Amino acid sequence: MEKMPYQPDLDPVPMVVTEAAVVTTDWRTGLPLLRGESVVLRELHMSDAPSLFAMLTAQEVARFISPPPSTVEGFERFIAWTHRQRAAGEYLCFAVVPRGCDAAVGLFQIRSLEPGFTMAEWGFAIGSSFWGTGMFVESARLVLDFTFDVVGTRRLEARAAVRNGRGNGALRKLGAVHEGVLRRSFFRNGEHLDQTLWSILREDWMVAKAVWGPRIH
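All of the points below concern the structure found in this document. (Residues numbered from 1 in each chain as written. Predicted model: local features only at pLDDT ≥ 70, side-chain atom pairs only at ≥ 80, totals over all residues. Heavy atoms only, no water.)

A separate point is the overall build of the protein chain. Scanning the protein chain for helices and strands turns up six helices and eight strands. Its helices and strands in sequence order give the protein chain the pattern β-β-α-α-α-β-β-β-α-β-α-β-β-α, from N to C terminus. Burial analysis of the protein chain (217 residues in total) assigns 53% to the buried set. Considering only contacts in the protein chain between residues 6 or more positions apart, those separated by 24 or more positions represent 69%. (Helix = DSSP H or I, 4+ residues; strand = E, 2+ residues; numbered from the N terminus. Buried < 20%, exposed > 50% of the residue type's maximum accessible area, 1.4 Å probe, protein only. Contact = heavy atoms within 4.5 Å.)

Glycine aside, negative phi is the norm for most residues, and most peptide bonds take the trans geometry. One non-glycine residue, Phe117, adopts positive backbone phi at about 65°. Mapped onto the fold, Phe117 is located in the loop between β4 (106-112) and β5 (119-126). The exposure class assigned to Phe117 is buried, which follows from its relative accessible area of 1%.

Let us now look at the sheet that holds strand β2 (residues 39-43). Two modes of strand pairing occur in sheets, parallel and antiparallel, and in both the strands are linked by backbone hydrogen bonds. Strand order in the open sheet made by the eight strands is β1-β2-β3-β4-β5-β6-β8-β7, with mixed pairing throughout. Whereas interior strands pair on both sides, the edge strands pair on one side only; in this sheet they are β1 (34-35) and β7 (177-188). As paired elements, β4 and β5 share seven bridges and run antiparallel to each other. In the strand pairing of β5, Ser112 is matched with Ala120. Running at roughly 130° to strand β3 (residues 91-98), helix α3 (residues 72-87) makes contact with β2, β3 and β4 of the sheet. (Pairing = 2+ DSSP bridges. Axes fitted to C-alpha atoms, helices over the stretch in contact; angles between N-to-C directions.)

Evaluated as defined, the whole model comprises 10 aromatic pairs. Relative to Phe75, the ring of Phe53 has its centre 6.4 Å away and its plane inclined at 75°; by these criteria the two rings are edge-to-face. Residue Phe53 is found in helix α1 (residues 49-56), and its partner Phe75 is found in helix α3; the two are separated by 22 residues along the sequence. By relative accessible area, Phe53 is classed as partly exposed at 26%. (Phe/Tyr/Trp six-rings, centres within 6.5 Å; stacked < 30°, edge-to-face > 60°.)

Without other data, these values stay purely geometric and don't point to any function.
Listed below in structure tokens is the structure:
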């Protein structure tokens, strides 16, 4: 249960591009801090378990993601698992922390789909009290920069339930390309749901960044 890829369930928000402070690192030994104007992304800590439990088990967040751990202890096991998978070079998970705070309010996951991480899948979830604040777009841009520039991924995929309008809208705002519908591919709450398959290629992301420039308001 702790190995679930979270599916997006986020408010579409205006495109706000911030200066990304991405540090080159051997991420297998530990994730760096990625700093934006309103958010810091970092490795998950055991102390994040209570806040993640509170944020990600809320009904409005959990309805379109694979079932999160049902206890704080379950989140602690999940956090320990993320560290082992990162050390193995197969997975990485960033905690989303608002500037000036200590506790995580969401997370971004990237899972390798082929050796060397050249193709990967990402998923994300953020507490509903932070929807519509611009925090998702800022965090997503930091993650995309790190994934393409540091990890070396060339293709990044995402899957979102067709009914998940906020998640699909968020991916569209980032420039992801709709590639098709995966019929009855996601089982949730006793029902098989269709999912939308999205992709972002490294070259597309580089072009988008060049067009947008360092900031867009």
